[in-house]
Amino acid sequence: MLPIVAANRVDIVKSAHAFNDLVTLIPTPGTPSTYSVQVGKPGVDAIITGDMIHSPLQAATPNWA
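Owing to the predicted nature of the structure, the values given are computational and were not obtained by experimental measurement. (Residues numbered from 1 in each chain as written. Predicted model: local features only at pLDDT ≥ 70, side-chain atom pairs only at ≥ 80, totals over all residues. Heavy atoms only, no water.)

Participant: What is the right way to read the overall build of the protein from this model?
Facilitator: Secondary structure summary: the protein contains two helices and four strands in total. Shown N-terminal to C-terminal, the secondary structure of the protein runs as helices and strands in the order α-β-β-β-β-α. Taken over the C-alpha atoms alone, the protein extends approximately 45 × 30 × 15 Å along its principal axes. When the 65 residues of the protein are sorted by exposure, 12% land in the buried category. By sequence separation, contacts in the protein at least 24 residues apart represent 2% of the contacts at least 6 residues apart. Looking at the protein as shown, the accessible area adds up to about 5400 Å², and 63% of this sits on carbon and sulfur atoms. (Helix = DSSP H or I, 4+ residues; strand = E, 2+ residues; numbered from the N terminus. Buried < 20%, exposed > 50% of the residue type's maximum accessible area, 1.4 Å probe, protein only. Contact = heavy atoms within 4.5 Å. Areas by Shrake-Rupley, 256 points an atom, 1.4 Å probe, with all protein chains shown as cover.)

Structure follows, in structure tokens:
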């Protein structure tokens, strides 16, 4: 990561952050500084959840830990 920082190609993000019209970071619960990535335009978008859920069962029953 140091070469990326040295090249000034880093955005430090501490809350929701839109890189452009198609890519947005959304803070998610759990581990501090964890984000999901929303990709696409409203209505034709997807969310990449990272470690927000660990099993498809958690999507159907989000109250399960």
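Participant: How should the pairing of strand β4 (residues 44-48) be read in this particular structure?
Facilitator: Remember that side chains alternate between the two faces of the sheet whenever the strand is regular. With five bridges joining them, strand β3 (residues 35-41) and β4 adopt antiparallel strand pairing. Residue pairing for β4: Val-39 is matched across the bridge by Ala-46. Taking the residues that link successive antiparallel strands as the turn, the β3-β4 hairpin has two residues, and the phi of Gly-43 there is positive, at about 95°. (Pairing = 2+ DSSP bridges.)

Participant: Help me understand the pairing of β3 in this model?
Facilitator: Taken together, the five bridges between strand β2 (residues 23-27) and β3 define a ladder with antiparallel strand orientation. For Pro-27, the partnering residue across the bridge sits in β3 and is Tyr-35.

Participant: In this structure, what is going on with the sheet that holds β3? I would like to understand it.
Facilitator: Hydrogen bonds along the backbone pair up the strands of a sheet, which may run parallel or antiparallel. Strand order in the open sheet made by the four strands is β1-β2-β3-β4, with antiparallel pairing throughout. If you trace the sheet from one side to the other, it starts and ends with β1 (17-18) and β4, each paired once.

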